[in-house]
Amino acid sequence: MRKLKALFHPIFIFIGVQVAWIVLMAVWINWYLKNSRKIQEFAQKIRPDLFADELNWLILLEGCLLMLIILAGVYIIFVYWNKQARLNRLQSNFVSSVSHELKSPLASIQLYLETMKYQKVSKEESDEFVEMMLTDTERLASLINNILESSKYDPKNMQLQFQSVQLGTFLREVVEGLKRQFEERNCEVKLEITEDCELMLDTRAMQMVFNNLIGNALRYSPIGAPLTIRVRKGKKYCEIDFIDQGMGLGKKDLKKIFRKFYRVTNKKSQNIEGAGLGLFISKEIVRTHKGQMRVSSEGPGKGSVFTVQLPRDKNSKRQTAANRGEE
Amino acid sequence: MDQAKKILVVEDESHLAKGLKFNLEREGYEVVVAGDGKAALECMREHTFDLMILDLMLPRMGGIEVAKNIRKNDTRFPILMLSAKSTEEDRATGLEAGADDYLAKPFHLPELLLRVKGILRRWDWYKQPVLGQDIFHFGKMWINFATGKANGWSGEFLLTVKEAQVMKLLITKKGQVVTREDLLKTVWGYDREMETRTVDNFIARLRKHFEKKPQKPQYIVTVREKGYQFNADS
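Right, let's walk through the structure included here. (Residues numbered from 1 in each chain as written. Chains lettered and ligands numbered in written order. Predicted model: local features only at pLDDT ≥ 70, side-chain atom pairs only at ≥ 80, totals over all residues. Heavy atoms only, no water.)

## Regarding the sheet that holds strand S4 (residues 79-83) of chain B
Residue and element names in this part refer to chain B. Taken in spatial order, the five strands of this open sheet run S2-S1-S3-S4-S5, and their pairing is parallel. Single-partner strands in this sheet number two, and they are strand S2 (30-34) and strand S5 (101-104). Neighbouring strand axes in the sheet, compared pairwise and without regard to direction, differ in orientation by 20 degrees on average. In terms of strand pairing, strand S3 (residues 51-55) meets S4 through four bridges, oriented parallel. In the strand pairing of S4, Leu 54 is matched with Met 81. Here helix H1 (residues 14-26) sits on the sheet in contact with strand S1 (6-10), S2, S3 and S4, set at roughly 170 degrees to S2. Across the sheet, helix H5 (residues 109-127) touches S1, S3, S4 and S5, and the angle it forms with S5 is around 175 degrees. (Pairing = 2+ DSSP bridges. Helix = DSSP H or I, 4+ residues; strand = E, 2+ residues; numbered from the N terminus. Axes fitted to C-alpha atoms, helices over the stretch in contact; angles between N-to-C directions. Contact = heavy atoms within 4.5 Å.)

Right, here's the structure in full:
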């Protein structure tokens, strides 16, 4: 049954149609060449004035051209149809994974609210419940942000507000904000900043990038696996590596990981939540900062390194040079 | 006093697992939490439980796989599936994999507790032998309620929990009319969302197993406008 279904895959249908056209064309040319003399004789009997010798080749060429146009037409229709089918598939995957992502924290919040409504809870218990609800609300907010950023407008036209930021301080603040998540996953974070650098950033957008990268590292790593965030200062750029010891990525996934709605599909990752948006949005945000984002992994099970490369603040460099000059 | 019922909660969302544990313990149940599918199966091997509350999306091994794994060795152990997937198709997949009941997230706490209570009550009823014995014979056929195995017209096969429960209710009330509402209440535990047609579908399936001519049933007879009646000599 599966094999039969595979036969109706668009690509097979397309190849079948194309083969049929080519065979038809070959048969027609063959038939025409074999019978051209007879056709000529027959036509000359009816309208001898219309048929000159050189016209026969013209008709053959016209026929071939017509066939080629039809072939091209079928190809264009196929390309667009395939594109549409891919979009439909992506959309339904997206709706299914996003609804799951939204429902899980919502279910937790509802459970705690109803627990406080129906059960007698002590002050300590109620405080603990509120804390957990707050974490779930943060998770919901971050997901909703991701969805809005990806669908509301083109990331290239994002209205960003750049300001000069000390990267080290900013990263420490981001890590501090995710403290609860690190504790829950029993994850030890190492921040390796040998030399701080000043960057022009939209802090709200860049926080989203770092949150996405750290969130992914936590979700795709076993509980207790450490995470290293390393800052490297270059001449023109500053690079931030997020080094995890999680599931790692295969060659195919490395190529596609930044695509919109793309999610790694294997046995280990099938039950991990995600909408396939975080990395796509992050890359777009980094791009609007005139930076780059890349990923490397030695393979599945060997962890991965996500690198964000951002240009250093030129003014700050000039400032430093000026200060040196003054000295 | 009765010993507390033991429930295994399989949920990877730590907040949800904690909340479920808190509420179930308040209701007097003993609760163990497993964070992933493999841990759940390990727990099942090491301890005895009365019920499993199973999330569908789990790391290491998904909920569907866990349910199928359990059903390989135990066709009767009660499983309540909990999932963010709420379409009819998802529900059907969950029930086909062996869940007794399916609750979509987000859920209402009182409803969850009611369903847990209902499943455990039905489980208690189902565990009792039928007419004082585990195996019930009728004609050349038999049903073993302890293992879920049965011998029908075309040979031996395994009954699902719900099929076995329908047969059990019909057989315990042998010779009497059992209404569709009775069947829904006892076997499914609640009548909201369920239609009496569900019962008719189950009866049709059971007739295929146990009747030589399902159109002219000899054992599971329809009593017009009332319900069904089980007739047998033994």
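Having put the structure on the table, let's press on.
## A short note on the interface of chain B and chain A
How big an interface is tends to be expressed through the accessible area that disappears when the partners come together. Counting from both sides, the interface comprises 27 residues of chain B and, opposite them, 27 residues of chain A. A:Glu125 is paired through a salt bridge with B:Arg26; the nearest N and O atoms lie 3.4 Å apart. Viewed at the interface, chain A and chain B are joined by 14 residue pairs in polar contact (both at pLDDT 80 or more). Only H1 and H5 of chain B provide two or more residues apiece to the side of chain B that touches chain A. Sort the elements by how many residues they give to the side of chain B that touches chain A and H1(B) lands first, with nine residues. Per-class residue counts for the side of chain B that touches chain A are 13 nonpolar, seven polar and seven charged. (Salt bridge = Lys/Arg side-chain N within 4 Å of Asp/Glu carboxyl O. Polar contact = N/O pair within 3.5 Å; in protein donor to acceptor, adjacent residues only side chain to side chain. Nonpolar A, V, L, I, M, F, W, Y, C, P; charged D, E, K, R; others polar.)

## Brief notes about the pattern of salt bridges
Residues and elements named next belong to chain A. For the structure on display, the rule yields 19 salt bridges over all chains. The residue Lys 123 makes a salt bridge to Asp 127 at a minimum N-O spacing of 3.0 Å. Placement of the pair is Lys 123 and Asp 127 together in helix H4 (residues 123-152), with a separation of four residues, close to one helical turn. By relative accessible area, which is 38% here, Asp 127 ends up partly exposed. The closest approach of N and O atoms between Glu 239 and Arg 294, which form a salt bridge, is 2.9 Å. One end of the pair, Glu 239, is in strand S5 (residues 237-244); the other, Arg 294, is in strand S6 (residues 292-297), and 55 residues separate them in sequence. When its relative accessible area of 11% is taken as the criterion, Glu 239 is described as buried. (Buried < 20%, exposed > 50% of the residue type's maximum accessible area, 1.4 Å probe, protein only.)

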